Amino acid sequence: MIEVDQGYLDSDWVELVKTASQAKNNAYCPYSQYQVGAALLCVNGEIVAGANVENAAYGSTICAERSALVAANSRGLRDFKRLVVSVVGEIAAPCGACRQVLHEFSSVSGLELEILLHGEAKDTYQLTTISELLPHGFDFR
Ligand code: THU
């Protein structure tokens, strides 16, 4: 995990950050009031966004990362290059369940997923990869 200065982000990252940041506004989070936005860059160049969707049965909540992944899958998009996760406060890393779900598609496509975490509070960025976040993810292929 490395801290990255905004000035070092290429135009693809900048567009993904913008999309993830805007996606936060679509979060349904009446219980936590914690908005999370995610944006995936697919191999075909398309960007797919997601936001967290909470539920009165808390365990049924869907995180922004999985929301974006499911939205992409619903469009037949499964090969991903990059992911941005944007939160209003300080940088937050994906939860364990999201790491495993991200690992699934990285494993199937054979592509390492680059992940940029964005904290809007101080406009800070951290760059990592799915294999750094989840070494030895579950896989039975
Ligand atoms: N959340 C995400 O969307 N992504 C994460 O990686 C961690 C947590 C959401 C779930 C819930 O709606 C809120 O943040 C508070 O946990």
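In case you missed it, the structure is sitting above this.
All of these numbers come straight from a predicted model, not from anything done at the bench.

(A) Structural context of the packing of aromatic side chains. If you walk through the whole model with that rule in mind, you get three aromatic pairs. Pairing F80 with F105 gives two aromatic rings, centres 6.0 Å apart and planes at 75°, and the pair type is edge-to-face. In this pair, F80 sits in strand β4 (residues 80-87) while F105 sits in helix α3 (residues 96-109), placing the two residues 25 residues apart along the sequence. Across the pair, exposure class does not vary: F80 and F105 are buried alike. Summarising the aromatic geometry, the rings of F138 and F140 are spaced 5.8 Å apart at their centres and angled 70° between planes, so their arrangement reads as edge-to-face. With respect to class, F138 is no different from F140; both count as exposed.

(B) Spatial organisation of the sheet that holds strand β1 (residues 2-4). Strand order in the open sheet formed by six strands is β1-β6-β5-β4-β2-β3, with mixed pairing between adjacent strands. Both outer strands of the open sheet, β1 and β3 (47-51), are each paired with one neighbouring strand and no more. Adjacent strand axes in the sheet meet at a mean angle of 25° when their direction is disregarded. Two strands pair when backbone bridges link them, and β1 and strand β6 (residues 124-129) are joined in this way by three bridges, in the antiparallel orientation. Of the residues in β6, the one forming a bridge with V4 is Y125. Sheet strands touched by helix α2 (residues 64-74): β2 (36-42), β3 and β4. Its angle to β3, the strand with the most contacts, is close to 135°.

(C) Region of interest: the layout of surface pockets. Taken as a whole, the largest pocket holds about 190 Å³ of empty space. Along the wall of the largest pocket there are 15 residues; nearest its centre are Y34, V36, C63, A64 and E65. Residue classes in the lining of the largest pocket are distributed as eleven nonpolar, two polar and two charged.

(D) Region of the structure containing the pairing of strand β5 (residues 114-119). Across the six residues that make up β5, a large majority, five, are buried. In terms of strand pairing, β4 meets β5 through six bridges, oriented parallel. Of the residues in β5, the one forming a bridge with L83 is I115. One crossover worth recording links β4 to the parallel β5 by way of α3, and it is right-handed. Strand direction decides the pairing type here: β5 and β6, joined by six bridges, are antiparallel. Paired with E114 across the two strands is T129, which belongs to β6.

Calculation rules
Residues numbered from 1 in each chain as written. Predicted model: local features only at pLDDT ≥ 70, side-chain atom pairs only at ≥ 80, totals over all residues. Heavy atoms only, no water. Phe/Tyr/Trp six-rings, centres within 6.5 Å; stacked < 30°, edge-to-face > 60°. Helix = DSSP H or I, 4+ residues; strand = E, 2+ residues; numbered from the N terminus. Buried < 20%, exposed > 50% of the residue type's maximum accessible area, 1.4 Å probe, protein only. Pairing = 2+ DSSP bridges. Axes fitted to C-alpha atoms, helices over the stretch in contact; angles between N-to-C directions. Contact = heavy atoms within 4.5 Å. 1 Å grid on protein atoms, 1.4 Å probe; cavity = no way out; pocket = protein on both sides within 12 Å on 5 of 7 lines; lining within 4 Å. Points joined across faces, edges and corners; volume = space filled by probe spheres on them. Nonpolar A, V, L, I, M, F, W, Y, C, P; charged D, E, K, R; others polar. Right-handed = clockwise from strand over helix to strand, strands pointing away.

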